[in-house]
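Per-entry structural report
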Amino acid sequence: MEKIQIIWVLSLLLVFLARLPDGLATDNSCSVSTLDARRFFERENELLRQRYHEEYLASYTYNTNVTDDNRQAMIAVYARNAVQNKQLAQKIKSSDYHLSEDADIRRQALHLSKMGASALNTEDYLALQNAISSMQSNYATTNVCSYTNRSDCSLTLEPHIQERLSNSRDPAELAWYWREWYDKAGTSQKDNFAEYVRLTRKAAHLNDHRSYADYWVQFYEDADFERQLDASFKQLLPFYRQIHGYVRYRLRQHYGEDVVPAEGNIPMHLLGNMWAQSWNEVIDLFTPYPEKPFVDVKAEMVQQNYTVQKLFELGDQFFQSLGMRALPPSFWNLSLITRPDDRQVVCHASAWDFYQDSDVRIKMCTEVDMHYFFVVHHELGHIQYYLQYEQQPAVFRGAPNPGFHEAVGDVIALSVMSAKHLKSIGLTDNGRLDEKSRINELFKQALSKIVFLPFGYTMDKYRYAVFRNEIEEPQWNCGFWQMRSEYGGVEPPVSRTDKDFDPPAKYHIDADVEYLRYFAAHIFQFQFHKALCSLAGQYAPNDSRRTLDNCDIFGSKEAGRALSKFLSHGSSRHWKEVLQEFTGETEMDTSALLEYFDPLYQWLKQENSRLGVPLGWGETNKIPTDCCGQFST
Ligand SMILES: [Zn+2]
């Protein structure tokens, strides 16, 4: 309290001094005084906080009980608040707050004058929210028919289909589930998606952006960010090509040449994930050193009677060990952490900030295994961010770079998944890996962290192209697969035509979630990891005992202090400033990621050359040959 009063007095003094020459020169200056501006933004931030609170409550009610009534109630709250948001943005735009001598006021004015979809008239706004939430509802409620019992059509993505994708080794069964899902979650949503594209384009124009893609990109506050994204992708591609070539070679050995081509795209249904965005579920098919088996951590969890609750408690303890905030009691009382059996819910994991009294929650259909153990940490990273910037005005309660928010939990998980940490919590008994086991572990990590990059890149490169009208509507589907093939070398198991529409088979495309943030997060998290490991004394360059892949920051108050400080700024400052304070860097930089994986990269280059493994891939033949042109970066 004392500190706040001192700051207040000081700022009053500064305001007075800053205003002096102006005040002496004329009394009818049209600039608004900083003091008045502060009062204005204080009031508006409080109203904005209340609107957010109301919106997230309505949205949570819908997400945890997917009914049409709840969907309509949520849209009604959004529409009511959109009018208020628009009025506020217009008021700020017509004022001279953006000329204020106070940088904080200028930044608030800049952020609050962005209207997004609120710029639309009420009819269009409702139509847009209706299109988005209809796609979401369809995704959440899609069930598919069983391969072995076709009359049973009650299978859900989580856990039924995912279980088959992980464990079945029958290409025909895998292709069946792929097709069921894409037909039902994707194709049926074509009209809603077209409406979404039409209305977001209109909203972008009302916000003076050329396209909705440009609206998304401006959140990075860096006119050059799209070019940096392309440059980062190019830097990572040689490593990805080594992984891709090796996996295709080993898959071909397993499934035979009729199923896997020697040099073309990998049929994605064989990769253990509906979108082939991570391939680690089927690592047993291509483990570098099969004679060094992975510890079955899931079996160990089951044997030790782990519960879903226990996974969250371990995550909470990790943050607390760093001296960061504990999960508040309301988190445990109000979160939804397993799938209820009495109603439909949106199972896709998410973390929620209700903008009131530290009310933060997670909604996910958790099961006890390593995948969910990772997701729990990812979501708890969002929660910790919410708690750390809670004291900021509502407009700054967010990340300054969307990629930062997605990176926090992943950074913690990099420590949690280390051999050192898994041993310390009694899930494995070997805290130091020999060289062969180390290559196996790095390969497993790469099958999620590196394999994700072309996927993440494509999600938004594709939508940018659609939003910018660079792909004509009849080619929306073939363009999607052409990009997935060109950037990632994967293709559907069956031919797809313009009668199909596959993009909405991915949650974030239905839910209007910008995706570049995940790509950026996959790079930033290794920068953060390196900085935190240095602070924790767990990493030193060129020290083979202190490498990035066996660093565990658990218990390091110093690392915790740096991370807390970084998070507590929220979006009150430009991301380059807070990044510099945290890691000493001012750019998104792939070098920490490449350093982490370097032993694997070197091994793959040698092994692929020893085996004569072909690298690269050609065009997919699963789409009509007259599709759009190439999309080179
Ligand atoms: Zn996330």
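Residues numbered from 1 in each chain as written. Predicted model: local features only at pLDDT ≥ 70, side-chain atom pairs only at ≥ 80, totals over all residues. Heavy atoms only, no water.

Let us now look at the pattern of salt bridges. By the definition in use, this model includes 45 salt bridges. Salt-bridge contacts for Arg-164 lead to Glu-173; the nearest nitrogen and oxygen are separated by 3.2 Å. The exposure class assigned to Glu-173 is buried, which follows from its relative accessible area of 8%. Between Arg-545 and Asp-543 there is a salt bridge, and its shortest N-O distance comes to 3.6 Å. Looking at Arg-545, the relative accessible area reads 60%, which means it is exposed. (Salt bridge = Lys/Arg side-chain N within 4 Å of Asp/Glu carboxyl O. Buried < 20%, exposed > 50% of the residue type's maximum accessible area, 1.4 Å probe, protein only.)

Moving on, we come to helix 23 (residues 575–583). When helix 23 is considered as a whole, its buried residues turn out to be Trp-575, Val-578, Leu-579, Phe-582 and Thr-583. Looking straight down helix 23, one finds that the buried residues subtend no more than 105° of arc, so they occupy a single side. At its buried positions, helix 23 is contacted by helix 10 (225–255), helix 15 (402–416), helix 21 (516–535) and helix 22 (557–568). (Helix = DSSP H or I, 4+ residues; strand = E, 2+ residues; numbered from the N terminus. Arc of directions from axis to C-beta. Contact = heavy atoms within 4.5 Å.)

Before going further, it helps to spend a moment on the state of the cysteines. Think of a disulfide as a covalent bridge from one cysteine sulfur atom to another cysteine sulfur atom. Scanning all chains against the criterion turns up four disulfides. For Cys-145, the disulfide goes to Cys-153, at an S-S distance of 2.0 Å. The sign of the S-S torsion, about 95°, decides the handedness of the disulfide formed by Cys-145 and Cys-153: right-handed. Residue Cys-153 is classed as partly exposed on the basis of its relative accessible area, which comes to 37%. Two residues share a disulfide in this structure: Cys-347 and Cys-365, whose sulfurs sit 1.9 Å from each other. What sets the handedness of the Cys-347 and Cys-365 disulfide is the S-S torsion sign, and at about -85° it is left-handed. Linking Cys-347 in the loop between helix 13 (329–334) and strand 2 (350–353) with Cys-365 in the loop between strand 3 (360–363) and helix 14 (370–388), this pair joins segments that are 18 residues apart in sequence. Taking the relative accessible area as the measure of exposure, Cys-347 reaches 9% and is therefore buried. (Disulfide = S-S within 2.5 Å.)

The next point concerns the environment of Gly-381. Along the chain, the position of Gly-381 falls in helix 14. Apart from the residues within four sequence positions on either side, Gly-381 is in contact with Phe-319, Val-408 and Gly-409.

Moving on, we come to the UniProt feature "binding site: chloride" (unreviewed entry) in the protein. When the UniProt feature table is mapped onto this chain numbering, "binding site: chloride" (unreviewed entry) sits at Tyr-220 and Arg-517. Taking the farthest pair of C-alpha atoms as the criterion, the annotated set spanning 298 residues converges on one region, since that pair is 9.3 Å apart. Beyond its immediate stretch of four places on either side in the chain, Tyr-220 contacts Phe-225, Asn-401, Pro-402, Gly-403, Glu-514, Leu-516, Arg-517 and Trp-575. Considering the arrangement of structural elements, one finds Arg-517 in helix 21. Given a relative accessible area of 23%, Arg-517 falls into the partly exposed group. (UniProt positions renumbered as here; feature names shortened; annotations may be inferred.)

What follows concerns the coordination of the zinc ion. Protein coordination at the zinc ion comes from His-378 (NE2), His-382 (NE2) and Glu-406 (OE), with a distance range of 2.1 Å. Here the donor residues of the zinc ion are spaced in sequence according to H-x3-H-x23-E. Note that His-378 is positioned in helix 14 and Glu-406 in helix 15, a separation of 28 residues in sequence. A single burial state applies to His-378 and to Glu-406, both of which are buried. (Donors = N, O, S within 2.8 Å, 3.2 Å for Na, K, Ca; no water.)

The side-chain alternation of strand 2 yields two buried faces, one formed by Ser-350 and Trp-352 and the other by Ala-351 and Asp-353. One ladder, built from four bridges, connects strand 2 with strand 3; its direction is antiparallel. In the sheet register, Ser-350 faces strand 3, and the bridge partner there is Lys-363. Between the antiparallel neighbours strand 2 and strand 3 lie six residues, among them Tyr-355 with a positive phi of about 60°. (Pairing = 2+ DSSP bridges.)

A word on the packing of helix 21 against helix 23. Between helix 21 and helix 23, whose axes approach to 9 Å, the crossing angle comes to 35°. Residues Phe-524, Gln-527, Phe-528, Ala-531 and Leu-532 of helix 21 form the contact with helix 23, whose participating residues are Trp-575, Leu-579, Phe-582 and Thr-583. (Axes fitted to C-alpha atoms, helices over the stretch in contact; angles between N-to-C directions.)

Turning to the side chain of Gln-228, a few remarks are in order. Here Gln-228 lies in helix 10. Judged by relative accessible area, which is 10%, Gln-228 ranks as buried. At 3.0 Å, the side chain of Gln-228 and the side chain of Asp-222 are in polar contact. Dropping the residues within four chain positions of it, Gln-228 is found in contact with Asp-222, Lys-576, Glu-587 and Met-588. (Polar contact = N/O pair within 3.5 Å; in protein donor to acceptor, adjacent residues only side chain to side chain.)

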